[in-house]
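The chain contents come next:
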Amino acid sequence: MCQVFAGQDPARYTSTTRSLRLNGQSTSIRLENAFWDILDQIAEADAMSTPAFLSRLHSEVLETRGEPVNFTSLLRTACLVFIGQSGGVTADAGLGKIAAE
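For clarity, every value in this text was computed on a predicted model and none was experimentally measured.

K.L.:
So what exactly am I meant to see when it comes to the pairing of strand β1 (residues 15-22) here?
P.N.:
Within a regular beta strand, the side chains point alternately toward one face of the sheet and then the other, so they alternate between its two faces. Bridge count between β1 and strand β2 (residues 25-32): 8 bridges; the pairing is antiparallel. Bridge pairing in β2 links Arg18 to Ile29. Connecting β1 to the antiparallel partner β2 that follows it, the hairpin turn spans 2 residues, and Asn23 within it adopts a positive phi of roughly 55°.

Right, here's the structure in full:
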């Protein structure tokens, strides 16, 4: 069973930093490529760019809970919520693009 995890393409867990603006503030976010793939899909499903989605999410978190202690952790768990709501996923042979089963 561990081979399923250990044998994955290293590009999936390679980190990438993206620079963007969150509600007018310049910042950068570093996440593993697999999470960026999911965030890109979430944004696309909402018909917006990934930076626009992240800014909207940040605004909603501020309104709901105040400043998040660790926004990148919030993004990773948001990806898990998305996967859970989509009813399961499979990864293709590329950088781990996620598609609902």
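K.L.:
Where do I start with the packing of helix α4 (residues 50-65) against helix α5 (residues 71-85) in this structure?
P.N.:
Two measures define how a pair of helices packs: the angle their axes make with one another and the distance between the axes. Closest axis-to-axis distance for the α4/α5 pair is 12 Å, and the angle between their directions is 105°. Put simply, α4 runs roughly perpendicular to α5. Residue-level inspection shows Leu54, Leu57, His58 and Val61 of α4 in contact with α5, the latter providing Phe71, Leu74 and Leu75. In terms of residue class, the contact of α4 with α5 is made up of 6 nonpolar, 1 polar and no charged.

Scoring rules and cut-offs
- Residues numbered from 1 in each chain as written.
- Predicted model: local features only at pLDDT ≥ 70, side-chain atom pairs only at ≥ 80, totals over all residues.
- Heavy atoms only, no water.
- Pairing = 2+ DSSP bridges.
- Helix = DSSP H or I, 4+ residues; strand = E, 2+ residues; numbered from the N terminus.
- Axes fitted to C-alpha atoms, helices over the stretch in contact; angles between N-to-C directions.
- Parallel < 35°, antiparallel > 145°, perpendicular 65-115°, else oblique.
- Contact = heavy atoms within 4.5 Å.
- Nonpolar A, V, L, I, M, F, W, Y, C, P; charged D, E, K, R; others polar.

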